[in-house]
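# Descriptive structure summary
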Number of protein chains: 2
Amino acid sequence: MNLGILTIGNELLSGRTADSNSSFIAKELAPLGWRVTKIMSVGDEENAIKGALDHLFLSSQGVIATGGLGPTADDLTTACIAQAFGRKLILHEPALRDIQDRFARLNLPWTENNTKQAFFPEGATPLPNPAGTAWGFYLPVKDQFVIVIPGVPREVQRILPEKVLPLLKSLFPGEAPAAETVTIKLFGLPEARVDAALGDVDFAGMDVQVGFYPNFPENHLVLTAHQEEAAARKNSLVLAQAEVEKRLGSHIFAYNEDTLEGLVGRYLTEKQLKLALAESCTGGLIAHRLTNQPGSSLYFDRSLVVYSNQAKTQLLGIPEEVIGAYGAVSRETVILMAEGVLKESGADLGLAVTGIAGPAGGTESKPVGTVFVALADGNQTISRQFRFPWDRLRNKTLFSQVALLMLLKYLRGENTP
Amino acid sequence: MNLGILTIGNELLSGRTADSNSSFIAKELAPLGWRVTKIMSVGDEENAIKGALDHLFLSSQGVIATGGLGPTADDLTTACIAQAFGRKLILHEPALRDIQDRFARLNLPWTENNTKQAFFPEGATPLPNPAGTAWGFYLPVKDQFVIVIPGVPREVQRILPEKVLPLLKSLFPGEAPAAETVTIKLFGLPEARVDAALGDVDFAGMDVQVGFYPNFPENHLVLTAHQEEAAARKNSLVLAQAEVEKRLGSHIFAYNEDTLEGLVGRYLTEKQLKLALAESCTGGLIAHRLTNQPGSSLYFDRSLVVYSNQAKTQLLGIPEEVIGAYGAVSRETVILMAEGVLKESGADLGLAVTGIAGPAGGTESKPVGTVFVALADGNQTISRQFRFPWDRLRNKTLFSQVALLMLLKYLRGENTP
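Just so it is clear, the structure is predicted and the values come from calculations on it, not from any experiment.

What follows covers the overall build of chain A. Secondary structure assignment for chain A yields 14 helices and 17 strands. At 28 Å, chain A has a C-alpha radius of gyration far larger than the 22 Å of a compact globule built from 417 residues. Projecting the C-alpha coordinates of chain A onto the three principal axes gives extents of approximately 85 × 60 × 40 Å. Put simply, 65% of the contacts in chain A that link residues at least 6 apart link residues at least 24 apart. When the accessible area of chain A is evaluated, it comes to approximately 17,200 Å², of which 51% is carbon and sulfur surface. Treating the 38 positive side-chain charges of chain A as one cloud and the 45 negative ones as another, the clouds have centres 2 Å apart.

Here we take up the pattern of salt bridges. Evaluated as defined, the whole model comprises 22 salt bridges over all chains. Across the pair E180 of chain A and R233 of chain A runs a salt bridge, and its minimum N-O distance is 3.4 Å. Here R233 of chain A lies in helix 8 (residues 230-248) and E180 of chain A lies in strand 9 (residues 180-187), a separation of 53 residues in the sequence. A relative accessible area of 8% places R233 of chain A in the buried class. For R247 of chain B, the salt bridge identified is with E243 of chain B, shortest N-O distance 2.7 Å. Placement of both R247 of chain B and E243 of chain B in helix 8 (residues 230-248) is noted, with a separation of four residues, approximately one turn of the helix. Here the salt bridges do not stand alone but share partners, grouping D200, E243, K246 and R247 of chain A into one network.

As a further point, take the sheet that holds strand 10 (residues 208-215) of chain B. Residue and element names in this part refer to chain B. Reading across the sheet, the four strands line up as 10-11-9-12 and stay open at both edges, with antiparallel pairing between neighbours. In this open sheet, the two edge strands, each paired with only one partner strand, are strand 10 and strand 12 (252-255). This sheet shows a mean twist of 25° between the axes of neighbouring strands, independent of strand direction. As judged from the three bridges shared by strand 9 (residues 180-187) and strand 12, these two strands associate in the antiparallel manner. What sits directly across from I184, in strand 12, is Y255. Contacting strand 9, strand 10, strand 11 (218-225) and strand 12, helix 8 runs over the sheet at an angle of about 10° to strand 9. Taken strand by strand, helix 14 (residues 392-411) contacts strand 9, strand 11 and strand 12, and its axis lies near 105° from that of strand 9.

Residues and elements named next belong to chain A. Running from amino to carboxyl end, helix 9 (residues 260-270) crosses helix 14 (residues 392-411) at an angle of 35°, the nearest separation of the two axes being 10 Å. Classified by chirality, the crossing of helix 14 by helix 9 is left-handed. Residues L260, L263, V264, Y267 and L268 of helix 9 form the contact with helix 14, whose participating residues are Q401, L404, L405, L407, L408 and L411. Looking at the contact of helix 9 with helix 14 residue by residue, the class counts come to 10 nonpolar, one polar and no charged.

Another aspect to go through is the environment of G174 of chain B. Residue and element names in this part refer to chain B. Mapped onto the elements, G174 comes out in the loop between helix 6 (153-171) and strand 9. Taking the relative accessible area as the measure of exposure, G174 reaches 78% and is therefore exposed. Note: C-alpha distance between G174 and M1 (173 residues apart in sequence) is 9.9 Å.

Turning our attention to the interface of chain B and chain A. Taken residue by residue, the interface counts 72 residues in chain B and 70 residues in chain A. With both chains or domains summed, chain B and chain A bury close to 5,500 Å², and 55% of this area falls on carbon and sulfur atoms. Three residues stand out in chain B for area buried against chain A, namely L13, R16 and Y307 of chain B, and they jointly supply 11% of the buried area on that side. Between chain B and chain A we count zero salt bridges in total. On inspection of chain B and its partner chain A, the count reaches 31 residue pairs in polar contact (both at pLDDT 80 or more). Within the side of chain B that touches chain A, the residues separate by chemical class into 31 nonpolar, 27 polar and 14 charged. Of the pairings in the sheet, the one linking strand 14 (residues 300-306) of chain A to strand 14 (residues 300-306) of chain B comprises five bridges and is antiparallel in character. Across the sheet, residue V306 of chain A finds its bridge partner in strand 14 of chain B, namely R302 of chain B.

Right, let's get into the confidence of the model for chain A. With 99% of its residues at a pLDDT of 70 or more, chain A has an overall mean of 92. Both confidence scores are given for the complex: pTM 0.84, ipTM 0.85.

Turning to the sheet that holds strand 12 (residues 252-255) of chain A, a few remarks are in order. Residue and element names in this part refer to chain A. Across the sheet, which stays open at both edges, the four strands sit in the order 10-11-9-12 with antiparallel pairing between neighbours. What marks the edges here is a single partner per strand, and that holds for strand 10 (208-215) and strand 12. Between one strand axis and the next, the sheet turns by 25° as a mean value, whatever way the strands run. Of the pairings in the sheet, the one linking strand 9 to strand 11 (residues 218-225) comprises eight bridges and is antiparallel in character. Along strand 11, the bridge assignment pairs L186 with N219.

On to the packing of aromatic side chains. Residues and elements named next belong to chain A. Under the counting rule described, the total for this entry stands at 18 aromatic pairs over all chains. Of the aromatic side chains, those joined through ring pairs into one cluster are Y138, F145 and F172. If you follow R394 out to its NZ or CZ, it ends over the ring of F216, 5.8 Å from the centre.

This part takes up the packing of helix 3 (residues 46-59) of chain A against helix 4 (residues 77-84) of chain A. All names here are of chain A. Between helix 3 and helix 4, the least distance of the axes is 10 Å, while the angle of their chain directions is 60°. The pairing of helix 3 with helix 4 is recorded here as oblique in orientation. The hand of the helix 3/helix 4 crossing is right-handed. Two secondary-structure elements touch here, helix 3 through E46, I49, K50 and L53 and helix 4 through T77, C80, I81, Q83 and A84. In the contact of helix 3 with helix 4, the residues fall into five nonpolar, two polar and two charged.

When you line up the elements, L3 of chain B lands in strand 1 (residues 2-8). Apart from residues no more than four positions distant in its own chain, L3 of chain B is found in contact with L29, W34, R35, V36, T37, K38, S60, G62, I64 and F145 of chain B.

Glancing now at the side chain of Q117 of chain A. Tracing the backbone through its elements, the reader meets Q117 of chain A in the loop between helix 5 (93-105) and strand 5 (119-121). Residues in contact with Q117 of chain A, not counting those within four places in the same chain, are L69, G70, P71, I99, T133 and A134 of chain A.

Residue and element names in this part refer to chain A. Here N219 lies in strand 11. Judged by its relative accessible area of 11%, N219 falls in the buried class. Here L189 takes part through its backbone oxygen, which lies 2.9 Å from a polar atom of the side chain of N219. When residues no more than four places from it in sequence are discounted, the contact partners of N219 are I184, K185, L186, L189, P190, E191, Y213 and P214.

That bond from F216 of chain A to P217 of chain A is cis: its omega, 5°, falls within 30 degrees of zero. By the element assignment, P217 of chain A lies in the loop between strand 10 and strand 11. Its identity as a non-glycine residue notwithstanding, N107 of chain B has a phi of 60°, on the positive side. One non-glycine residue, K142 of chain B, lies in the positive phi region at around 50°. Secondary-structure assignment places K142 of chain B in the loop between strand 7 (136-141) and strand 8 (144-149). What makes K142 of chain B exposed here is its relative accessible area of 83%.

Residues and elements named next belong to chain B. Maximum bend of helix 6: about 45°, positioned at L160, with proline P161 one to four residues after it. Buried within helix 6 are the following residues: E155, V156, I159, L160, V164, L165, L167 and L168. On its buried face, helix 6 sits against helix 2 (21-29), strand 3 (62-66), strand 6 (125-127), strand 7 and strand 8.

Calculation rules
Each chain carries its own residue numbering, running from 1 in the direction its sequence is written. Here chains are named by letter from A upward and ligands by number from 1 upward, in the order in which they appear as written. Where local features are concerned, this predicted model is filtered to residues with pLDDT of at least 70; where side-chain atom pairs are given and counted, the filter is 80 or more; whole-chain, interface and lining totals use all residues. The side-chain values count all of the structure's non-hydrogen atoms but skip hydrogen atoms and water molecules. To qualify as a helix, a DSSP run of H or I must reach at least 4 residues; to qualify as a strand, a run of E must reach at least 2; elements of each kind are numbered from the N terminus. Both definitions apply: the radius of gyration is a C-alpha atom measure, and the globule rule equals 2.2 Å times residues to the power 0.38. Here a residue-residue contact requires only that any non-hydrogen atoms of the pair lie within 4.5 Å. For accessible areas, the Shrake-Rupley method is used with a probe of radius 1.4 Å. Any residue's cover is judged against the shown protein chains and nothing else. Neither His nor the chain termini are counted; the positive set is Lys and Arg, and the negative set is Asp and Glu. Just so you know, the charge point we use is NZ for Lys, CZ for Arg, CG for Asp and CD for Glu. Salt bridge, as used here, is a side-chain nitrogen of Lys or Arg placed within 4 Å of a carboxyl oxygen of Asp or Glu. Each residue is placed in one exposure class: buried if its accessible area under a 1.4 Å probe, protein chains only, is under 20% of its type's maximum, exposed if it is over 50%, and partly exposed if it falls in between. Here a strand pair is declared whenever DSSP counts at least two bridges between the two strands. Simply put, an axis is a line fit to the C-alpha atoms, just over the touching stretch for a helix, and the angle between two N-to-C directions goes from 0 to 180 degrees. Crossings are assigned a handedness: left-handed for a near helix turned anticlockwise from the far helix by less than a right angle, right-handed for a clockwise turn. Polar here means any residue other than Ala, Val, Leu, Ile, Met, Phe, Trp, Tyr, Cys and Pro, which are nonpolar, and Asp, Glu, Lys and Arg, which are charged; Gly is therefore polar. Throughout, the accessible surface (probe 1.4 Å) given up by two parts as they are put together, summed over both, is called the buried area. Side-chain atoms alone can form a polar contact between residues adjacent in sequence; in general such a contact is a pair of N or O atoms within 3.5 Å, and within protein one must be able to donate a hydrogen while the other accepts it. pLDDT expresses how confident the predictor is about each individual residue, on a scale running from 0 to 100. Note on ring pairs: Phe, Tyr and Trp rings are taken, using the six-membered ring of Trp, and paired if centres are within 6.5 Å. Classes follow the plane angle, with under 30 degrees stacked, over 60 edge-to-face and the rest tilted. Any Lys NZ or Arg CZ that is within 6 Å of a ring centre and within 35 degrees of that ring's normal is treated as a charge sitting over the ring. We call two directions roughly parallel when the angle between them is under 35 degrees, roughly antiparallel when it is over 145, roughly perpendicular when it lies between 65 and 115, and oblique otherwise. Note that the bend at a residue is defined as the angle between axes fitted to the seven residues ending at it and the seven residues starting at it.

Rendered as structure tokens:
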């Protein structure tokens, strides 16, 4: 089944609000195999709404529309749709009672304009809103249909999975072809090189669709199989994934929902290891990424963000002479940083980064974008040097990425000095 | 002039990527007086692109399209548009040289598929991309036009203001009324309360347009004046801004391009003060935000990201008994954190944060979202408690926001214990 999505609201056209409902709805529909053919946004205006529905019906069996269901004068969606399809508006008593009850429960004063939200086009099936007063509705129109739900993202995130998807599954049981995907996450190759490396793979012959999704600093490759049989889909994806791994294996660090910081956290938890960081040029970003994971207090002990040289000396015991002789941005210093934070913290692993994020601070031998990374475990200390060509924010992101990747490889037993 | 926006990419229809370009473009066009009538998203597919352009041309003089300009096989936009309007594709030498130069500068190996990005439909004006290899183009089609730019948001944010808007202004000089804007940045009030507080202001009478832009965790209010005369625009904006300040002054922290971390950095530099942080629940985010500013090494000394209680005790000298008696998340602890990092670092100011970002760790008296912030200068220590109702990432963002805001107010002489 092909579906269109229509989001309604003047705030979408003025740029005041970014439309987050479309991507949420599309993402919920994708695994059901229902294909979104087009997404449109129009203002609260009758001709625009009618024109958009007509256009979407050209390529879709149904349209899911959001927004314009509130009690105020500029909320026109229900009336427009009734008008567009020649339906009267009819009061739905259960909806009215539900809305009145909700006002009473929340101790809100009832105003008469709220009654408007209990009217639906003739022939519509009202859809209760689990999270607000604006009910949605399903309206069949000849052999097509429109489903209208409220526009508040928090309400969409309840009414769609709880009311709309079950309704669609019951109305169109045979219509949801299965689809299966594998996401392969790569780092360290530009999109064009990923593409070139896969140029000789006959994905079409395997009945697999390929999408590239740049996601700085990563590239995500999504393989999708649409065959009827679950076994056929699985088989196609296994073959296609193997071809990708054969060509790009060393650049793959994660699959599907896994993230770099999530994987690092999972390995540290499994191995019951505590991590301490010494960050200079990343300025706390590695710690921020790690602590975005719920439960990170299990394995993350501390980060010493030693921006000044004094902090490096004082907190990590790095001799001033080392910094003087080799510089704060040097392999010698980063090794002492990793070993210093390991020793001071009593953690199991010490990870350290020092570099030049830019725009200033570069020299001929150590230009902007230069970074040194070291990982110490008490027995050995691994260190690496990288250079990136970007601006301050992207350099910081890349510095944190290579440091976390060094740690991930170590935890997987792939990294040696 | 009416304009349509078309965003192109399978990732938009699959829900993998939310379309942030449309709202950015709409927001940039709004102050110029050009009206966006419709926004559409379609996949990388010829019929869909052509159908969407036809539909948008019904209500718009021109269409701004994004996406599908990459070097890979699934990037079809340029070819589709050439085909749709019966144009040949022609190699544009300056674009090819620019792309090759960019590869050389970044030390990236050249692959032949990149040449594709230097081909444009006959009759098109290529638009250099200041931030990437995918140039855009302007293509007149009878008395209408389409402008195509890349889909990477970072690139859109450069090419639109630097190339597209100047081109449109020069092509349609009568169409773009002069405009001047003031952006007022607010924190601590939901959009509906900002709206209600300004309900009695006669902006229309002052000839000023108002836009609300939620920008989590901030709300940005953009005032735009369109009068012919520069003096009249200035005058209107001064009046309107004064009305906003009268009603919402205490929630305003910045104007126009200023950011919270940028202002903090400017004051610290001016006053020649050094800052040290002790971060628990923010996990390095405050340090990350501060060090995103070029030149932050002038005033940022260190952050001790003390995630474990042991780190708090060891690095900040907080007695275990205090943590035992009051908890790691308490006013008593945060005050000792701020004073501890101030003393240990020898900086001029110590800023500390401890709280519960969630999802776990909340208690009845200290639920998820509770945060304590303290600022010590050696003479006095200010502390505050806040509670926020969000998820882990948004709570971390808010915790960093209130801490930086406390520091900014102190630096402005507004914060007292």
